[in-house]
Amino acid sequence: MQDTGSVFGAERATLDLAHGLRTVGCRPIFFLIDELRLGGRESGLRTAVEAEGFPLHRFTVEGRLSRSLARRIRSKFNEVGGDVLHVIGYKANLHAWLGDIHPVVATVHGWLFRNDLKERLYDAIDLFALRRCDQVICLSRYYEDYLLRKSVLRERLVRIPSGLRDVPELAGASTPSRMKPTFGMLGRFSEEKNHELFLHAAHGLRRQFPEATFICAGTGPRAEAVKDLAASLHLGACMKFPGYKEVHAFMQTVDVYVICSRIENLPYSILEAMAWARPVIGTEVGGIPDLIVNGETGSLVPAGDVAALQKAMAIFCEQPALIETRGKAGRKRLLDHFTLDQSVAMHVDLYKRQITANRDAASG
């Protein structure tokens, strides 16, 4: 995968998967593409890989496309005795194809579908490469359907949801007061997360339930703009911006988790909220409906619909007992369908089938 320098959802999911694979006897080795044009910056991803104790090979490259890089990746793959090359991101996908490496399994962590010519070009390159992978893993039904429409062959697609690595024991964990429900968002302040929707819904909800409070935790390029909007809506002390918070610290301060995204794949933050037995209100985009059972573990609302989000939040103010019942239902759903052990087992089965198919093709 490309070394982006940071650990966001895709990088964290990859690290967790590698950890799970190692526990069942596999030997994950990380190949990181490091672009020199980015200036040799510090890398949180490299630090995280090294901290986990995984073997790591860095591949420096001048630009985005390099046939010599493809040859180097293929040479190192053969040298370390790789059985499967698991690629993540358009750059890794493309160079695996250029290097004619098999078997190649790709995981799709999604696209933002922005109206940006450069990003749309990268997405087109990614689709070109994905059509030529031996198998393509989709985390959600949304991207599985999307890739089918984009002519990725049905037999090359498999859906394997992410699995949460750390599920907390809740006995003795502190919980917020149900008398004053707190709604929270956690994550990067970026355009696709649409914090503005949350703030407008909070503004309307305060008129009905002045005791409700709100938290937006995280950092990012739009943090100041979101804070300015909160000020203009006169949300005052009821809306807190604590900056970066660890998941366990954040979840113990909220009753209901809210995700207002314009597009998502299978958000880790929802899995974490489910693990903490917090009901989730989410927009009906991407893979979010794969996780939330409307009216059972939380609520689904149309993307961008302030009134619908406000109504969904109001239900928990009117019926605070639902916070516990729907939160527990969400935790049970996580344990039944979205654990790391389950995800690892499906990955290992896929790897074995691809190794066998590759050997049969070579011998035939």
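Whatever comes next refers back to the structure up there.
Residues numbered from 1 in each chain as written. Predicted model: local features only at pLDDT ≥ 70, side-chain atom pairs only at ≥ 80, totals over all residues. Heavy atoms only, no water.

Caption draft 1: Broad picture of the pairing of strand β1 (residues 30-35). The element β1 is largely enclosed, with a buried count of six among its six residues. Side chains Phe30, Leu32 and Asp34 of β1 all project onto a buried face; the interleaved residues Phe31, Ile33 and Glu35 project onto the opposite face, where all are buried too. As judged from the six bridges shared by β1 and strand β2 (residues 56-61), these two strands associate in the parallel manner. Bridge pairing links Asp34 to Thr60 in β2. (Buried < 20%, exposed > 50% of the residue type's maximum accessible area, 1.4 Å probe, protein only. Helix = DSSP H or I, 4+ residues; strand = E, 2+ residues; numbered from the N terminus. Pairing = 2+ DSSP bridges.)

Caption draft 2: Representation of helix α3 (residues 67-79) in the model. Between its terminal C-alpha atoms α3 stretches 18 Å, which fits the 18 Å expected from 13 residues at 1.5 Å a residue. The complete set of buried residues in α3 reads Leu69, Ala70, Ile73, Lys76 and Phe77. Along the axis of α3, the buried positions cluster into a sector of 135°, meaning they face one direction only. Turned more than 90 degrees off the buried face of α3, the exposed positions are Arg67, Arg71, Asn78 and Glu79. Buried-residue contacts for α3 involve β1, β2, β3 (85-88) and α4 (90-98). A positive backbone phi angle near 70° is found at Gly81, which sits one or two residues after α3. (Expected span 1.5 Å × (residues − 1). Arc of directions from axis to C-beta. Contact = heavy atoms within 4.5 Å.)

Caption draft 3: How the structure looks around the pairing of strand β7 (residues 182-186). β7 sits mainly inside the fold: five of its five residues count as buried. On β7, burial covers both faces: Thr182, Gly184 and Leu186 on one face and Phe183 and Met185 on the other are all buried. Here five bridges tie β7 to strand β8 (residues 213-217), and the two strands are oriented parallel to one another. Note that in β8 the partner of Phe183 across the bridge is Phe214. Note that the unit made of β7, helix α7 (residues 195-208) and β8 has a crossover that is right-handed. One ladder, built from two bridges, connects β7 with strand β10 (residues 256-259); its direction is parallel. Of the residues in β10, the one forming a bridge with Gly184 is Tyr257. (Right-handed = clockwise from strand over helix to strand, strands pointing away.)

Caption draft 4: Structural view of the side chain of Thr182. Looking at the element boundaries, Thr182 is found in strand β7. If sequence neighbours within four positions are ignored, Thr182 has contacts with Thr213, Phe214, Ile215, Thr253, Val254, Asp255 and Val256.

Caption draft 5: Region of the structure containing the packing of helix α1 (residues 9-23) against helix α14 (residues 340-363). Running from N to C, α1 and α14 cross one another at 75°; their axes reach a closest spacing of 9 Å. Classed by the angle they form, the pair α1 and α14 counts as roughly perpendicular. Contact residues: Asp16, Leu17, His19, Gly20 and Leu21 in α1; Leu340, Val344, His347, Val348 and Tyr351 in α14. Classifying every residue of the contact of α1 with α14 by side-chain character gives six nonpolar, three polar and one charged. (Axes fitted to C-alpha atoms, helices over the stretch in contact; angles between N-to-C directions. Parallel < 35°, antiparallel > 145°, perpendicular 65-115°, else oblique. Nonpolar A, V, L, I, M, F, W, Y, C, P; charged D, E, K, R; others polar.)

Caption draft 6: Focus on unusual backbone geometry. Cis peptide bonds are those with omega within 30 degrees of zero, and the linkage from His102 to Pro103 qualifies with -10°. Looking at the secondary structure, you find Pro103 in the loop between α4 and β4 (104-108). Although it is not a glycine, Asp100 adopts a positive phi angle of roughly 55°. Phi angles above zero are rare outside glycine, and His234 is one such case at about 60°. As for its position among the elements, His234 is in the loop between α8 (223-232) and β9 (239-243). For His234, a relative accessible area of 71% translates into the label exposed.

Caption draft 7: Structural context of the pattern of salt bridges. On inspection of all chains with the given rule, the structure shows 21 salt bridges. Residue Glu272 is joined to Arg12 by a salt bridge in which the shortest nitrogen-to-oxygen separation is 2.2 Å. A residue pair is termed long-range when its members are at least 10 positions apart, and Glu272 in helix α10 (residues 268-275) and Arg12 in helix α1 qualify at 260 residues. Taking relative accessible area as the criterion, Glu272 reaches 6% and is therefore assigned buried. The class of Arg12 is partly exposed, set by a relative accessible area of 28%. (Salt bridge = Lys/Arg side-chain N within 4 Å of Asp/Glu carboxyl O.)

Caption draft 8: Seen up close, the sheet that holds β4. If you trace the four strands from one edge of the open sheet to the other, you get β3-β4-β5-β6, paired in parallel fashion. Pairing within the sheet leaves two strands with one partner each, and these edge strands are β3 and β6 (157-159). Geometrically, the sheet is characterised by an average inter-axis angle of 25° between neighbouring strands, direction not taken into account. As paired strands, strand β5 (residues 135-138) and β6 are joined by three bridges and run parallel to one another. The residue bridging Val136 from the neighbouring strand is Leu157, located in β6.

Caption draft 9: Spatial organisation of the sheet that holds strand β11 (residues 280-283). Overall, parallel pairing links the six strands, which are arranged β9-β8-β7-β10-β11-β12 in an open sheet. Both outer strands of the open sheet, β9 and β12 (298-301), are each paired with one neighbouring strand and no more. If you compare each strand with its neighbour and ignore which way they point, the axes differ by 20° on average. In the packing of helix α12 (residues 306-318) onto the sheet, the strands contacted are β7, β8, β10, β11 and β12, and the crossing angle to β12 comes to about 165°.

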